[in-house]
Amino acid sequence: MKYFSRPYRESAESTYLAEAHGKRYEPFGTISLSDQTVLGTGGVILEDIAGETLAIHPENAAWAFLSAGESKWFRQLEGKPFGWLRHNLLQYGPDNALDFAAQLYRRGLLTLNGHAAVDRRMFADGPNYDEGNLIELLITEKCNLACPYCLAGANSSMPAMDRDIARKTVDLAFAMRESDTLAFEFAGGEPFLKYELMKETVAYIRNHPLRGNRKLFLSTQTNATLLNEERVRWLKEEDIRVGISLDGGAQQQNLSRPQVNGKESFSKIAKGIDLLHRFEVPFGGLVVLNRSNADDPAALAATMLNLGIHGFRLNPVAYLGDARKNWNKVGLSQDQIIDFVKDLMNHVVAQKLPLLEDNVRSMCDFLTSKQRRTRCMRTHCGAGDTFQAVAANGDIYPCGRATQSPGLKLGNIFDAGLESLSQPSRHNAVMQQIRERRPADLEGCSTCSYRQLCQSGCSAQAWERYGTVRHRTPECSFYKTLYPYLMHWLSFDEIAFDHLNTCNYFNNEGERFSRDFASIKYQAVAV
């Protein structure tokens, strides 16, 4: 049996899930079995992954690879008493049957007298995670760059927030009482085109009369070309988390993200990044993967490290904004995206690069946790409830991704009778469909072994592509390929696992398990 896990996280979750969500999770502890204990494998699917047998329970996301011998006996376990397994596995060692059954049980792949160690409804009603409220302020839709795939524009008619819109948004955010954590993100367009308003709004947030003891997190997503010493000092003093949008080295960046006057932007972003390093402001990167930068993952990795960026997220170009009319110039197929991610990760391991790609990190998290922390990679995303985006004109959307979908608009901050940002979603029909969206109910997901790992993906993406949230994500093939790929790669390649573990893909707390409970290699082969 082979798998990887995070025992420290599992231990913490076993207590948290029981206390906070009333869900059973028992990944540890000794078990004692009588010969009459009835074994059950109901719901577990066996799949061939690169010549190895993956046992996976689609509903509780339990999984492990079984050897040929283990697979042989596992296929016969349903309804058998433990004594039957003990008798047949004696040839492999006196305790192998007990150890094998215990591992399968703790992993969630075996029931004992109908009792499961992992609640079968683990993911039925939410992410099992209290993430607080996230409010994204699209403080301006104007930008100083002219990316051919973007939503923003450079002309003076593009809307921007004023003081009244920003303050009203903050007031409605603090009026939400669902959580003691509020996170505000300033985005755009390029938010530093409205630097003075951003400063004023941050001060208003910090000193808001309804703040009380609530925790605050502030962040911004910027192209870094407008940063100077004053602005970087302000980011440092206000403890604002920073994301930098860039698409690669000079050639890729200047092709993908030119200035509005057509001139290069790489030198400007490099200067902004240098300032962030000098003033010790932590930041990560955001790369829009498109045709200008999808041909050389090694070059992208080198650029990131040369700029001192050790963590970044790949966002494949979306069929939104200007990308719709430029799709033949910027668009990528799912196969191209999959190949790029695989090549990038293999390069990171082969060259022992200290580089973390956040999509892969999130997938590793989902494979080793019963919590779902990354909103956009799950069905229970909190859109409209724990996540709102407010456009420059005050329109309210369920998330930043939805702002280009008029059918997902929830209202405006100045609507009569509006009491909080979360109020408009409560009786919205589409938001109700998002709340009720379940992988088991969607065509293509109900029979998929990985349905509780990807959880049907992003509702907004489904709406954009298919006109309904009751559809699996357009990135379906990405998840169905990458999840089993990561399972197999990191279970069987110790060097790859150890390197990614040191690079924080598992918070440096990951462990591999490898033991064959029913090896058949020693048996003579008849000639």
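Note that the coordinates shown come from a computational prediction; the quantities given were computed from them, not determined experimentally.

1. A closer look at the overall build of the chain
Working step 1: The helix and strand inventory of the chain stands at 18 helices and 17 strands.
Working step 2: Dimensions of the chain, computed from C-alpha atoms along their principal axes, come out at roughly 80 × 50 × 40 Å.
Working step 3: With 527 residues in all, the chain has 56% of them scored as buried.
Working step 4: Contacts in the chain between residues far apart in sequence, at least 24 positions, make up 72% of those at least 6 positions apart.
Working step 5: As presented, the chain carries roughly 22,000 Å² of accessible surface, and 48% of it is formed by carbon and sulfur atoms.
Working step 6: Taking the 60 positively charged and 61 negatively charged side chains of the chain as two groups, their mean positions are separated by 2 Å.

2. Focus: the pattern of salt bridges
Working step 1: Counting across every chain of the model gives 25 salt bridges.
Working step 2: Ionic pairing is found between Glu 13 and Arg 9, a salt bridge with its closest N-O pair at 3.7 Å. Remark: Arg 9 and Glu 13 occur in helix H1 (residues 7–21); sequence separation between them is 4 residues, near one turn of the helix.
Working step 3: Residue Glu 13 is classed as buried on the basis of its relative accessible area, which comes to 1%.
Working step 4: Look at the salt bridges and you will find they share partners, linking Arg 6, Arg 9, Glu 13, Asp 365 and Glu 509 into a network.

3. Structural notes on the nonpolar core
Working step 1: Ranked by size, the top nonpolar core spans 149 residues in total, and within it Leu 85, Phe 184 and Tyr 483 carry the most contacts.
Working step 2: Two domains each donate at least three residues to this core, and these are domain 1 (22–123) and domain 2 (133–424).
Working step 3: Setting aside anything within four residues of it in sequence, one finds Leu 85 in contact with Leu 39, Trp 73, Leu 77, Ala 97, Phe 100 and Ala 101.
Working step 4: Within the second largest apolar cluster, 8 residues are counted, among which are Cys 147, Tyr 149, Ala 323 and Val 330.

4. What to know about the packing of helix H12 (residues 334–350) against helix H18 (residues 494–502)
Working step 1: As a packed pair, H12 and H18 sit with axes 9 Å apart at the nearest point and diverge in direction by 90°. Relative to H18, the element H12 is oriented roughly perpendicular. Contacts between H12 and H18 involve Met 345, Val 348 and Val 349 on the former and, on the latter, Ala 496, His 499 and Leu 500.
Working step 2: Its residues placed into classes, the contact of H12 with H18 shows 5 nonpolar, 1 polar and no charged.

5. Some points on helix H5 (residues 163–174)
Working step 1: With 12 residues, H5 ought to run about 16 Å at 1.5 Å a step, and its terminal C-alpha atoms sit 17 Å apart, in line with that.
Working step 2: Packing partners of the buried residues in H5 comprise strand S7 (133–138), strand S8 (181–187), helix H6 (195–206), strand S9 (215–222) and strand S14 (387–390).
Working step 3: At the N-terminal boundary of H5, the capping side chain belongs to Asp 162, with an oxygen 3.1 Å from the backbone nitrogen of Asp 164.

6. Observations concerning the sheet that holds S8
Working step 1: Judged by pairing direction, the sheet is mixed, and its 10 strands sit side by side in the order S13-S12-S11-S10-S9-S8-S7-S14-S15-S16 without closing on themselves. Where the open sheet ends on each side, the last strands, each with one partner, are strand S13 (356–357) and strand S16 (411–412).
Working step 2: As paired strands, S7 and S8 are joined by 6 bridges and run parallel to one another. Residue Leu 134 lies in a different strand from S8, and its bridge partner there is Ala 183.
Working step 3: Of the strands in this sheet, strand S10 (240–245) and strand S11 (283–289) are in contact with helix H9 (residues 266–278), which crosses S10 at around 155°.

7. Re the pairing of S8
Working step 1: The buried fraction of S8 amounts to 6 of the 7 residues, a majority that puts the element mostly inside the structure.
Working step 2: Here S8 pairs with S9 via 6 bridges, running parallel. Residue pairing in the sheet places Phe 186 in a bridge with Thr 220 of S9.
Working step 3: Taken together, S8, H6 and S9 form a β-α-β motif whose crossover is right-handed.

8. Considering the confidence of the model for the chain
Working step 1: Summing up the model confidence of the chain, the mean pLDDT is 94 and the portion of residues at 70 or higher is 98%.
Working step 2: Note on residues 522–527: pLDDT under 50 across the span, and 4 contacts to partners over four residues away in sequence or across chains.

9. Considerations on H9
Working step 1: Spanning 13 residues, H9 covers 18 Å between terminal C-alpha atoms, matching the ideal 18 Å at 1.5 Å per step.
Working step 2: Turning to H9, its buried residues number three or more, namely Phe 266, Ile 269, Gly 272, Ile 273, Leu 275 and Leu 276.
Working step 3: Those residues of H9 that are buried are in contact with helix H7 (229–237), S10, helix H8 (250–256) and S11.
Working step 4: Just beyond H9, the residue with positive phi is Glu 280, at close to 55°.

10. Digging into the environment of Asn 60
Working step 1: Position of Asn 60 among the secondary structure elements: in the loop between strand S4 (52–57) and strand S5 (62–66).
Working step 2: For the pair Asn 60 and Ala 392, spaced 332 residues apart in sequence, the C-alpha to C-alpha distance is 41 Å.
Working step 3: Ignoring any residue separated from it by four or fewer positions in sequence, one finds Asn 60 in contact with Gly 108, Val 118, Asp 119, Arg 120, Phe 123 and Lys 370.

11. Section: the side chain of Gln 253
Working step 1: Along the polypeptide, Gln 253 turns up in helix H8.
Working step 2: One polar contact links Gln 253 to Ser 265, side chain to side chain, over a distance of 3.1 Å.

Rules used throughout
Residues numbered from 1 in each chain as written. Predicted model: local features only at pLDDT ≥ 70, side-chain atom pairs only at ≥ 80, totals over all residues. Heavy atoms only, no water. Helix = DSSP H or I, 4+ residues; strand = E, 2+ residues; numbered from the N terminus. Buried < 20%, exposed > 50% of the residue type's maximum accessible area, 1.4 Å probe, protein only. Contact = heavy atoms within 4.5 Å. Areas by Shrake-Rupley, 256 points an atom, 1.4 Å probe, with all protein chains shown as cover. Lys, Arg positive; Asp, Glu negative; His and termini not counted. Charge placed at Lys NZ, Arg CZ, Asp CG, Glu CD. Salt bridge = Lys/Arg side-chain N within 4 Å of Asp/Glu carboxyl O. Core = buried A, V, L, I, M, F, W, Y, C linked by side-chain atoms within 4.5 Å. Domains from an automatic or database assignment. Axes fitted to C-alpha atoms, helices over the stretch in contact; angles between N-to-C directions. Parallel < 35°, antiparallel > 145°, perpendicular 65-115°, else oblique. Nonpolar A, V, L, I, M, F, W, Y, C, P; charged D, E, K, R; others polar. Expected span 1.5 Å × (residues − 1). Polar contact = N/O pair within 3.5 Å; in protein donor to acceptor, adjacent residues only side chain to side chain. Pairing = 2+ DSSP bridges. Right-handed = clockwise from strand over helix to strand, strands pointing away. pLDDT = per-residue confidence, 0-100.

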